[in-house]
Amino acid sequence: MTGGGLHRGRVTGGPHTGAHWWGGRGPAGGGSHAAPGARRRLRVLLLLLGLLALGGVAVAVAVTGTSDPPPAPAASPAPDGPAVPAAPALPAASGTPATSAAVVPDADALQDTIDDVLAATPLRFPPDSARPADGADEAVERLAGALRAAPGPPVTIEGHTAPTGEDTDDAEDLSQRRADEIVRRLQAAGVPAGSLTAVGVGSERPRDSLAASRRVEVRVTD
């Protein structure tokens, strides 16, 4: 048919360029205009594209568990109260270890202790004997305890004889043997040998009685 009749046309284009109807209704030879059916197909196509986009978001949510990026970790809060100062650095150890000062025993106090012991239990001897009388063991033990407790000061053990009543012709030798015997016993009780010196005095310094003169005295040497 020619002239102003109707004839079939066709749709060209796509979702991005737009749909066009070629040859639709109108005069013969047509012109072009969008048909209602083409507009419906365009809306359906856009709807499908939107659904595809939403489907991609759903898949991402299913994989990651969330549609939003994970939040950044929160900064640790500052501790309450004043800041604790750092511990000071320890000084470097020197090559020489520290040594405690040596305690020097009081010689006068030690002599007072010895005098008290000998006043209670004097070291006396029978005539012409270097073996002490009964009770000497107690005196030696007490003297040894005092000397062990205050080591250091040198100690002199003096042996004495009576001016008379001794049958020996050598009083000095007898007095020396008496001093040596007490030194031996003190050493056996634990007193260091280097701190003891035995000296025989003889009969030069007698006491009030002959029995008191046959004795041994202990003196702390300054």
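Scoring rules and cut-offs
- Residues numbered from 1 in each chain as written.
- Predicted model: local features only at pLDDT ≥ 70, side-chain atom pairs only at ≥ 80, totals over all residues.
- Heavy atoms only, no water.
- Buried < 20%, exposed > 50% of the residue type's maximum accessible area, 1.4 Å probe, protein only.
- Helix = DSSP H or I, 4+ residues; strand = E, 2+ residues; numbered from the N terminus.
- Pairing = 2+ DSSP bridges.
- Contact = heavy atoms within 4.5 Å.
- Polar contact = N/O pair within 3.5 Å; in protein donor to acceptor, adjacent residues only side chain to side chain.

Draft legend 1. Region of the structure containing the pairing of strand S6 (residues 215–220). Taking burial as the measure, the six residues of S6 include five buried ones, the bulk of the element. Sheet topology places strand S3 (residues 123–124) next to S6; two bridges connect them, and they run antiparallel. Residue pairing across strands places Arg 124 opposite Arg 215, the latter belonging to S6. With five bridges connecting them, strand S4 (residues 155–160) and S6 associate as antiparallel partners. Residue pairing in the sheet places Glu 158 in a bridge with Glu 217 of S6.

Draft legend 2. Region of the structure containing unusual backbone geometry. The backbone phi angle of Asp 128 is positive, close to 60°, even though this residue is not glycine. The class for Asp 128 is partly exposed, based on a relative accessible area of 29%.

Draft legend 3. Quick look at the environment of Ser 175. Looking at where Ser 175 falls in the secondary structure, it is placed in helix H4 (residues 171–188). For the pair Ser 175 and Glu 158, spaced 17 residues apart in sequence, the C-alpha to C-alpha distance is 7.8 Å. For Ser 175, the contacting residues outside a window of four places in its chain are Gly 159, His 160, Thr 161, Gly 200, Val 201 and Gly 202. A distance of 3.3 Å separates the side chain of Ser 175 from the backbone nitrogen of Val 201, its partner in a polar contact.

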